[in-house]
Each structure stands twice: as structure tokens, then as C-alpha cells.
Amino acid sequence: MKKRLFSGIQPSGEVHIGNYLGAIKNWVGMIDQYDCIFCIVDYHAITIEYDPKEMQNRIIKAAAVNIAAGLDPDKCTLFVQSHVPEHTELAWILNSVTPVGHLERMTQFKDKAKQHRDNINTGLFTYPVLQAADILVYKGEAVPVGEDQVQHIELAREIARKFNQRYGETFPDPQEILSNAPRIMGLDGKTKMSKSRDNYISLVESPESIWKKLSTAVTDENRKRRTDPGNPDICNLFALHKFYSGSEQIERINRACRIAEIGCIECKKTLSENIVSDLAPMREKYEQLIKDKNFIIDILHKGAKKCKSMAETTMSEVKKRMGLV
Ligand code: AQP
């Protein structure tokens, strides 16, 4: 029996290279090794303000981008969170074993509360409990995520243990798995790359737009003039070269930047060309997939059907243990 793997992505905007390098690439690499369930977590995405007219499109687009990035629906289960109501049902139950103090410590809540001062809602606060339910309703053991989600997975583990202590052994200990790029910084060089900030390169971004974004991206801020030597160690874009450029190019840029032999524009042009060619096959596949939305919806419905049956089994067990009829 393969171990069960669960992970999710919010349809909160354009899926970006941070999501890919931090999580999706890892998901694709594990698809044969684990029994994989991937979820478009729409109930998480409603905890920040959004336009209801756009949501359906975002969900379908997120699914199509993930399939184009390598989540082969024949090898894994892909579905939408709100299609399986057992997630929210279990979340309510898990709320009753989750200390408020634990939620108050969550750094993502603190960051998002700062980012969305006018909309600090209860859903944003209890987000990690729903995330624990997402994983535990399938008894997920492996959870590949970016670094920003590690604290939530640690909490999911604690919640599982608390439930087991009170009601008997039911859930496994979910474990986070990090990629070799656990935190990709945004093009602003200040915050992590995020869908909800204007600091990302989307996985299906056009070549023109990739160049436009990179050309204004922040580099080593101490390098004021072309003739100043730069420091790749603190340059956000050099970090991206490590994922998109060849070893010879990386070596050359590393050396030439330090002695001002090349300027930021040349370095950005190389990076732009490399990102464009790396993303081209994904973008092409996505363009094909998105032409047939019903095909995507069908995949998501099939995934939900499979997940619902697994989730129902867990909920029967949970209710029985809790003495509910
Ligand atoms: N910058 C990042 N570097 C590495 N990994 C990242 N992830 C997100 N940003 C980075 C990982 O991608 C997976 C899906 O993320 P998510 O959709 O669940 O939400 P998020 O972590 O809140 O991502 P965003 O892009 O920053 O969205 P918004 O702006 O809506 O909050 C997760 O495994 C995440 O760790």
C-alpha cells in the first residue's frame, strides 16, 4: 500500500513560479511514489476579499495550470474542496480540540491580518483547522508544502494527536515535506512571492510580460550604478537563476556581477529568456486544456466522487468514536 499524500492550492489568483518551485514540482515528483490527492482549496480562498464573478474561472484555471504543470489526473486525484462537504464538517469537530492560543500563534494569520486590515474574519483565524481537516479527512501522512505552511502542518499534527488522545487512535501524524526551494521571494525582493501581491511571475505568463516584470524587479539595492559591483548573495534574481539557468551561466553571472563586468539588465535578460523557455511547454499545454473547460470540470467531479467516498468513511469512524449517533 502506498502512503497517502495530500496537498492543496488556493484559487486566490494566478498560480506562480513560487508555488511551482516550492510545492507543485515536488508534487509531480512524488506522484508515482504516493497515493496522491491534490485539492483546489476554494473555501480557504474565500477568507480574503474576492470577486464572486471571477471565482469559478479561477478554480478551473488553477486546475488546468496544475494539470499542465504535471498533475496527471490518471495518476492522482484532483478535486475542489467545496465539492466534498466532509472537509468543513470535520473542521467543526477539530475546532473543539484546538486551543485558541495555538491559532493566535500562527504567523500566516498575523501576516494576513496585517495585509487585509479591513477584513480580519473568523475564517482567516480558523484557516489552519480547516487545513488540518483537509489532510486528516483522508488520513494524509505526507504533506508537501512551501515553508510558509510548515507551522500549519505542525498544528495539524497537534490537532490529530489531541483528537486521538481524547477519542482513541484515529488519525496518523501528518508530516510536512519541503522542496529544495521552500521560500521563493517576490520580485519586490521584500516579501515571499504571493498570488495576492503584485510580485509574482505566473506559470502561464506571456514572454512579454515576464520580461516587463523582470525588468523592474528589485536586485541588489546597494548596486546603484552600472559600474558598481553587485552581490549575487543578496540578489533576489540570482536566487531564481539557480532554478532556471545552466551551471555555466550561473557561474559566469556570479563572477561577472561581482566585478561589474555585467549589469543588472544583461543578467535579467538571460533570466527572462531562460524562464520563458522553461515555462513554454507548460503554457502551451495549459492553452490547449483551457479551451475545453468541461473536460477540466469532468476531471474535478470524478476526483470529488472518489474523495467523497473516502471522506465519508473517515467521518463515520470519527462520529462513532465521539459517541455521535
Ligand atoms: N513564495 C513561495 N515559495 C515557495 N512555496 C510557496 N508556496 C506559496 N508561495 C510560495 C507554496 O505553494 C503551495 C500553494 O500555496 P497556497 O495557494 O496554498 O497559498 P499560499 O501559501 O498562501 O500562497 P500564495 O501564493 O502566497 O497565495 P496568497 O497570496 O493567496 O496567500 C503551498 O504549499 C505553499 O506553501
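Residues numbered from 1 in each chain as written. Predicted model: local features only at pLDDT ≥ 70, side-chain atom pairs only at ≥ 80, totals over all residues. Heavy atoms only, no water.

Visitor: Give a detailed account of the site of the ligand, specifying residues and quantitative values.
Guide: Taken together, 23 residues lie around the ligand, and Ser 12, Lys 112, Asp 148, Lys 195 and Ser 196 are the ones closest in. Contact distances for the ligand include 2.7 Å between an oxygen atom and a side-chain N or O atom of His 16. Within the side chain of Gln 149, one N or O atom sits 3.2 Å away from an oxygen atom of the ligand. Its free accessible area being 640 Å², the ligand has 98% of it covered by the protein chains. (Near = heavy atom within 4 Å. Polar contact = N/O pair within 3.5 Å; in protein donor to acceptor, adjacent residues only side chain to side chain. Areas by Shrake-Rupley, 256 points an atom, 1.4 Å probe, with all protein chains shown as cover.)

Visitor: Summarise the domain arrangement of the protein; cite the residues concerned and give the values.
Guide: Taken domain by domain, the protein consists of domain 1 (4-185 + 293-322) and domain 2 (207-286). Each of domain 1 and domain 2 has a C-alpha centre, and these two points are 33 Å apart. Interface area, domain 1 with domain 2, both sides summed: about 960 Å², of which 76% is carbon and sulfur. Sorting the residues of domain 1 by area buried against domain 2 places Ile 17, Leu 21 and Ala 68 first, and these three jointly supply 45% of that buried surface. Taken together, the links from domain 1 to domain 2 amount to zero salt bridges. (Domains from an automatic or database assignment. Buried area = accessible area lost by both parts, 1.4 Å probe. Salt bridge = Lys/Arg side-chain N within 4 Å of Asp/Glu carboxyl O.)

Visitor: Quick rundown of the pattern of salt bridges? Include the residues and the values.
Guide: Taken as a whole and judged by the stated rule, the model has 19 salt bridges. Between Lys 319 and Glu 89 there is a salt bridge, with its nearest N and O atoms 2.6 Å apart. With Lys 319 in helix H13 (residues 293-321) and Glu 89 in helix H4 (residues 86-95), this pair connects stretches of sequence that are 230 residues apart. Taking the relative accessible area as the measure of exposure, Glu 89 reaches 30% and is therefore partly exposed. (Helix = DSSP H or I, 4+ residues; strand = E, 2+ residues; numbered from the N terminus. Buried < 20%, exposed > 50% of the residue type's maximum accessible area, 1.4 Å probe, protein only.)

Visitor: Account for unusual backbone geometry, naming residues and giving values.
Guide: In this structure, Lys 139 is a non-glycine residue whose phi angle is positive, near 50°. Within the element layout of this structure, Lys 139 appears in the loop between helix H7 (122-136) and strand S4 (142-144). Exposure remark for Lys 139: the relative accessible area of 26% places this residue in the partly exposed category. Not every positive phi belongs to a glycine, and Ala 260 is a case in point at roughly 60°. You can see Ala 260 is positioned in the loop between helix H11 (247-258) and helix H12 (264-290).

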